[in-house]
Amino acid sequence: MAKSIFDMITAQALASYYETLESNRIPFLGEGLFPADKKMGLKLEWIKGYDNLPVALQPSAFDAKPLLRDRGGVSMESTRMPFFREAMRLGEEDRQQLLMFMEANNNAYARQIITRIFDDTKALIDGAMIIPEIMRMGILTTGSFTISSASDSGQTVNYSYNYDPNGTWASKNKTTLTANTDKWSDHANSNPIQDILDVKRDAAKRGINLTRAIIGYGTWLDIMQNAKIRLGMYPLAQQAANVIVTDDQVKTYVESVIKMKIVVYDKMYKDTQQTDQYFYPTSGYCTLIPDGTLGKTWYGTTPEEADLMSGNTLADVRIVNTGVAVSTEKIALPVNIITWVSEIVLPSFENMDKVFNIVY
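So, here's what we can say about the structure. (Residues numbered from 1 in each chain as written. Predicted model: local features only at pLDDT ≥ 70, side-chain atom pairs only at ≥ 80, totals over all residues. Heavy atoms only, no water.)

With mixed pairing, the 5 strands of this open sheet are ordered in space as β7-β17-β12-β8-β9. Both outer strands of the open sheet, β7 (174-176) and β9 (261-264), are each paired with one neighbouring strand and no more. Each adjacent strand pair in this sheet contributes to an overall mean axis angle of 20°, direction not counted. Of the pairings in the sheet, the one linking strand β12 (residues 285-290) to strand β17 (residues 356-359) comprises 4 bridges and is antiparallel in character. Its bridge partner being in β17, Y285 is matched across the sheet by V359. (Pairing = 2+ DSSP bridges. Helix = DSSP H or I, 4+ residues; strand = E, 2+ residues; numbered from the N terminus. Axes fitted to C-alpha atoms, helices over the stretch in contact; angles between N-to-C directions.)

This is the structure we're talking about:
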């Protein structure tokens, strides 16, 4: 066992503990669609386009200068990336209790307390990983997201980002099923397969090949119970609605018809108000996307990382998951060990025009 509690709790040890456990974590869906990258500072810029249709070349006379084409439908997006930080503390009473058990040679109990401290830091890092997934699923479905500080946190911070301020993307890439009989929750009359094929065909006209469909579990239950899908699976059955089918059977059938891969995404998290939330809407949404990535998850330079780069030794800092800073600081009076996690993060959405939503 280390000589003192100060030797045990370091940013390096905390980062190593997290990375060991992290190796077994199932990645969030958005991590593959918006892979992580790093940039210096707070400013984020990316090029966004709304239309993939080719534009005919201008006719020209011989010996004339070529006409200059305007990059219509393409814009440079620039914004300031949001900052997140939260800490946990090992106070004097906790430290005295730990020293008491160490002095009594109760190493097993002492290790339990130390593990709890490390798990506290892991919980903060896990919280940092939740933030970009909230952002990614928000812009994927509505083109926007809002993250606010807890009402009892003592701080009033509200980050609200809209990637479609003029509604251009929604007007072209969002299909809203307004008639009750069209909504997928109407299992007897709706036609989800035809709705998906219609959007897929519209995207193909614009040169976009949609290959993946993302839905929540509630939407999946609507598909499972859809009468037209069941009749398509069992056209000779007199009562197709009463036939028992499995998730795999329905998924195989629907995927074979729409020629797309279906992803049912129902992971949950607790928001800053400690309320259970779904990353992706559990029902009412179907997001259709092409192969490849849709953008990037950009991490900026936190104040802690800037200190690390400049050689400042007041705090012990390590970086995990591309841009999440894990920091520790020992305070002599009162005797405390503060551990905190911070990040500056925001996704870019270069392929926003290739993402389509069906909403009901």
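So, about the packing of helix α7 (residues 192-205) against helix α10 (residues 247-258). With their axes 10 Å apart at the nearest point, α7 and α10 run at an angle of 35° to one another. The chirality of how α7 crosses α10 is right-handed. Listed contacts from α10 to I193, I196, L197 and K200 of α7 are Y253, V254, V257 and I258. Considered class by class, the residues forming the contact of α7 with α10 number 7 nonpolar, no polar and 1 charged. (Left-handed = near helix turned anticlockwise from the far one by under 90°. Contact = heavy atoms within 4.5 Å. Nonpolar A, V, L, I, M, F, W, Y, C, P; charged D, E, K, R; others polar.)

Let us now look at the pattern of salt bridges. As enumerated under the stated definition, the model contains 12 salt bridges in all. Measuring nitrogen to oxygen at the nearest pair gives 2.9 Å for the salt bridge that ties D37 to K296. Here D37 is found in strand β1 (residues 36-38), whereas its partner K296 is found in strand β13 (residues 296-299), with 259 residues between them in sequence. For K296, a relative accessible area of 32% puts it in the partly exposed group. K122 serves as the salt-bridge partner of D126, at 2.7 Å between the closest nitrogen and oxygen. Taken together, the residues D126 and K122, both in helix α5 (residues 107-141) and 4 residues apart, mark about one turn of the helix. A single salt-bridge network, built from bridges that share partners, covers E22, R25 and E31. (Salt bridge = Lys/Arg side-chain N within 4 Å of Asp/Glu carboxyl O. Buried < 20%, exposed > 50% of the residue type's maximum accessible area, 1.4 Å probe, protein only.)

Before going further, it helps to examine unusual backbone geometry. For N321, which is not glycine, the phi dihedral falls at a positive 50°. With respect to the helices and strands, N321 occurs in the loop between β14 (316-320) and β15 (324-331). Not every positive phi belongs to a glycine, and T322 is a case in point at roughly 75°. Note on placement: T322 falls in the loop between β14 and β15.

Before going further, it helps to spend a moment on the packing of helix α8 (residues 217-224) against α10. Between α8 and α10, the shortest axis-to-axis distance is 10 Å and the interhelical angle comes to 80°. Classed by the angle they form, the pair α8 and α10 counts as roughly perpendicular. Taken together, the residues of α10 that come into contact with α8 (itself represented by W220, I223 and M224) are D247, V250, K251 and V254. When its residues are assigned to classes, the contact of α8 with α10 shows 5 nonpolar, no polar and 2 charged. (Parallel < 35°, antiparallel > 145°, perpendicular 65-115°, else oblique.)

Below, the discussion takes up the nonpolar core. Within the largest apolar cluster, 57 residues are counted, with the highest numbers of intra-cluster contacts made by L140, Y163 and F349. Here the element with the most residues in this core is α5; it accounts for 15 residues. In this structure, I208, L210, V245 and I258 belong to the second largest nonpolar core, which totals 26 residues. (Core = buried A, V, L, I, M, F, W, Y, C linked by side-chain atoms within 4.5 Å.)

A word on the environment of S327. Inspection of the secondary structure puts S327 in strand β15. Exposure remark for S327: the relative accessible area of 0% places this residue in the buried category. In this structure, the C-alpha to C-alpha distance between S327 and L308, residues 19 residues apart in sequence, is 9.9 Å. Those residues in contact with S327 that lie beyond four places of it in its chain are E304, D316, V317, I338, T339 and W340.

In this structure the tally under the stated criterion is 1 cavity of 30 Å³ or more. In this structure, the largest cavity encloses a volume near 30 Å³. Looking at the largest cavity, the residues that line it are I196, A213, I215, I223, V254, I262 and C286. Tallied by class, residues from the lining of the largest cavity come to 7 nonpolar, no polar and no charged. (1 Å grid on protein atoms, 1.4 Å probe; cavity = no way out; pocket = protein on both sides within 12 Å on 5 of 7 lines; lining within 4 Å. Points joined across faces, edges and corners; volume = space filled by probe spheres on them.)

Another aspect to go through is the side chain of E305. Of note, E305 is situated in helix α11 (residues 303-310). Once residues lying within four places of it in the same chain are set aside, the contact partners of E305 are K38, G300, V317 and I319.

Taking 1.5 Å of rise per residue, 12 residues should cover 16 Å, and α10 covers 16 Å from first to last C-alpha, within 8% of that figure. Within the sequence span of α10, burial applies to V250, V254, E255 and I258. Along the axis of α10, the buried residues cluster in a sector spanning 125°; they form a single face. Of the exposed residues in α10, the ones pointing more than 90 degrees away from its buried face are D248 and T252. Buried residues belonging to α10 abut α7, α8, α9 (227-233) and β9. (Expected span 1.5 Å × (residues − 1). Arc of directions from axis to C-beta.)

What follows is about the packing of aromatic side chains. Aromatic rings considered in pairs are described by the distance between their centres and by the relative angle of their planes. In total, this model carries 8 aromatic pairs according to the counting rule given. When the centroid spacing of 5.3 Å and the interplanar angle of 80° are considered together, the rings of Y17 and F118 count as edge-to-face. One end of the pair, Y17, is in helix α2 (residues 11-22); the other, F118, is in helix α5, with 101 residues separating them in the sequence. Note on Y17: relative accessible area 24%, which makes it partly exposed. Following the ring pairs from residue to residue traces out a cluster consisting of F28, Y269 and F279. The side chain of R25 reaches across the aromatic face of F28, ending 5.4 Å from its centre. (Phe/Tyr/Trp six-rings, centres within 6.5 Å; stacked < 30°, edge-to-face > 60°. Lys NZ or Arg CZ within 6 Å of the ring centre and 35° of its normal.)

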